[in-house]
Amino acid sequence: MKHSSYPNYVTRFYDLVYADVRDAVDVNFYLRKIRETSGRVLEIGVGTGRIFRRALTAGADIYGIDNSASMLKRLRKNLAPEEHHRVSLQSAVDFKFDMKFDLILAPFRVFSHLNTIEEQLSALRNIRQYLTNKGLLIFDLFVPNPKMLAEGISELLDFTGEYAPGKKVRRYVSSYSNIVEQMIYGKMKFVWDTNKGKISREWNFTMRFFFRYELEHLIQLAGLNLVTILGDFQRHKLNKNSKEFIVICFK
Ligand SMILES: C[S@@+](CC[C@H](N)C(=O)[O-])C[C@H]1O[C@@H](n2cnc3c(N)ncnc32)[C@H](O)[C@@H]1O
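Structure report, in brief. (Residues numbered from 1 in each chain as written. Predicted model: local features only at pLDDT ≥ 70, side-chain atom pairs only at ≥ 80, totals over all residues. Heavy atoms only, no water.)

So, the overall build of the protein
Point 1. When you go through the protein residue by residue, the secondary structure sums to seven helices and eleven strands.
Point 2. Expected size for 251 residues packed as a compact globule is a radius of gyration near 18 Å; at 18 Å, the protein falls within 12% of this value.
Point 3. With respect to the principal axes defined by its C-alpha atoms, the protein has extents near 55 × 45 × 35 Å.
Point 4. The proportion of buried residues among the 251 residues of the protein is 50%.
Point 5. Counted over contacts in the protein with a minimum sequence separation of 6, partners at least 24 positions apart contribute 62%.
Point 6. Of the roughly 12,800 Å² of accessible surface on the protein, 51% is carried by carbon and sulfur atoms.
Point 7. Looking at the protein, you have 38 positive and 27 negative side-chain charges, and the mean spots of the two groups are 2 Å apart. (Helix = DSSP H or I, 4+ residues; strand = E, 2+ residues; numbered from the N terminus. Rg over C-alpha atoms; globule rule 2.2 N^0.38 Å. Buried < 20%, exposed > 50% of the residue type's maximum accessible area, 1.4 Å probe, protein only. Contact = heavy atoms within 4.5 Å. Areas by Shrake-Rupley, 256 points an atom, 1.4 Å probe, with all protein chains shown as cover. Lys, Arg positive; Asp, Glu negative; His and termini not counted. Charge placed at Lys NZ, Arg CZ, Asp CG, Glu CD.)

In structure tokens:
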């Protein structure tokens, strides 16, 4: 299994950063989909459990996989020991279970980590195998922004927060793209206060971006059926101003 490269300092500040910049965007949408499901749910790329932990508290029969040991370590720390069996170190590409799911989710750009067509199709075909007959797959990706792809982002402070009383953390992001490869090469720099002064660490990562009809073709090639691609978490149809692809399909 290919492990994900999320370093410890990214994992450590993940919940703090995304409580601020992401929770209000997508959490209610996914929790509602989970609530509407009577059976088992699987979250692929469960991360620190930003959505998973809320769903579990609300009584969902939810399981989670992630191929980052550091993300899972953080998630387990926040789970009661009797719930640890629900999460496992596995990849979307080749995960295995001895059960099927009525809803499989991959929230917050998990598929952008699948760089090659082989990985994307393996993941989708694998998911298909673990969906019940009436099961749904829902995942989201960002709509590529042509201006951002063309110009890139030069170092931008996109988050400042307090991770402990009186101790700040700042996150700077920058990126450039390769349109032909459909890849974004990003850098996140974290700078945080400690008793001995500031620490600064940089993480280089890649994100594969997708276009609408490419997604439709992948879904079809994997033997899945598209229900719809929404354009935002308020359930609006995709339009020329949409920022999100929210893909919903069934077996
Ligand atoms: C942006 S995070 C999203 C985490 C969580 N779903 C959320 O909404 O906060 C993406 C997650 O996908 C995981 N990931 C990346 N590639 C993966 C793969 N091939 N299989 C499973 N998880 C993967 C990463 O380790 C990371 O935890």
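This is not the end of the story, as more comes after the structure.
A closer look at the environment of I34
Point 1. Within the fold, I34 resides in helix α2 (residues 23–35).
Point 2. Take I34: its relative accessible area is 5%, and that puts it in the buried class.
Point 3. For the pair I34 and V169, spaced 135 residues apart in sequence, the C-alpha to C-alpha distance is 33 Å.
Point 4. Each residue touching I34, except ones within four places of it in the same chain, is listed here: V41, I51, A55, A60, I62, L103 and L105.

Here's the deal with the packing of helix α1 (residues 8–21) against helix α4 (residues 69–77)
Point 1. Closest axis-to-axis distance for the α1/α4 pair is 9 Å, and the angle between their directions is 40°. As judged from the angle between their axes, α1 and α4 are oblique. Taken as a pair, α1 and α4 cross one another with a handedness that is right-handed. Contacts between α1 and α4 pair N8, T11, R12 and Y14 from the former with S70, M71 and R74 from the latter. (Axes fitted to C-alpha atoms, helices over the stretch in contact; angles between N-to-C directions. Parallel < 35°, antiparallel > 145°, perpendicular 65-115°, else oblique. Left-handed = near helix turned anticlockwise from the far one by under 90°.)

Examining the site of the ligand
Point 1. For the ligand, the set of nearby residues contains 21 residues, the closest of which are Y14, E43, G45, R50 and D66.
Point 2. Take R50: an N or O atom from its side chain is 2.7 Å from an oxygen atom of the ligand.
Point 3. In this structure, an oxygen atom belonging to the ligand sits 2.6 Å away from a side-chain N or O atom of D66.
Point 4. For the shell around the ligand, the class distribution of residues is ten nonpolar, eight polar and three charged. (Near = heavy atom within 4 Å. Polar contact = N/O pair within 3.5 Å; in protein donor to acceptor, adjacent residues only side chain to side chain. Nonpolar A, V, L, I, M, F, W, Y, C, P; charged D, E, K, R; others polar.)

Section: the packing of helix α5 (residues 117–129) against helix α7 (residues 212–221)
Point 1. At a minimum axis separation of 9 Å, α5 and α7 run at an interaxial angle of 50°. With respect to α7, the axis of α5 lies oblique. Crossing handedness for the pair α5 and α7: right-handed. Residues Q120, L121, L124 and R125 of α5 pack against L218, I219 and L221 of α7.
Point 2. For the contact of α5 with α7, the residue count by class is five nonpolar, one polar and one charged.

Notes on the pairing of strand β8 (residues 183–194)
Point 1. Across the twelve residues that make up β8, a large majority, nine, are buried.
Point 2. Connecting strand β7 (residues 167–178) to the next strand, β8, in antiparallel fashion are four residues, including Q182 with a positive phi near 55°.
Point 3. In terms of strand pairing, β8 meets strand β9 (residues 197–208) through twelve bridges, oriented antiparallel. Bridging across to β9, K189 finds its partner in E202.
Point 4. Linkage of β8 to β9, two consecutive antiparallel strands, is achieved through a turn of two residues. (Pairing = 2+ DSSP bridges.)

What to know about the pattern of salt bridges
Where charged atoms from two side chains of opposite charge approach closely, those side chains can pair.
Point 1. Counted under the stated rule, the structure contains 20 salt bridges.
Point 2. In this structure, R86 and D61 form a salt bridge, with 2.9 Å as the shortest nitrogen-oxygen distance. With R86 in the loop between α4 and β3 (87–89) and D61 in the loop between α3 (52–57) and β2 (62–66), this residue pair connects regions lying 25 residues apart in the sequence.
Point 3. Classification of D61 by relative accessible area gives partly exposed; the value is 31%.
Point 4. A salt bridge links E151 to K147; its shortest N-O distance comes to 3.2 Å. With E151 and K147 both in helix α6 (residues 146–151) and four residues apart, this pair spans about one turn of that helix. Across this residue pair, the class does not change: E151 and K147 are exposed.
Point 5. The structure contains a network of salt bridges with shared partners spanning R22, D23, D26, R50, R54, R109, D140 and E244. (Salt bridge = Lys/Arg side-chain N within 4 Å of Asp/Glu carboxyl O.)

Purely spatial values, then, with no claim about function.
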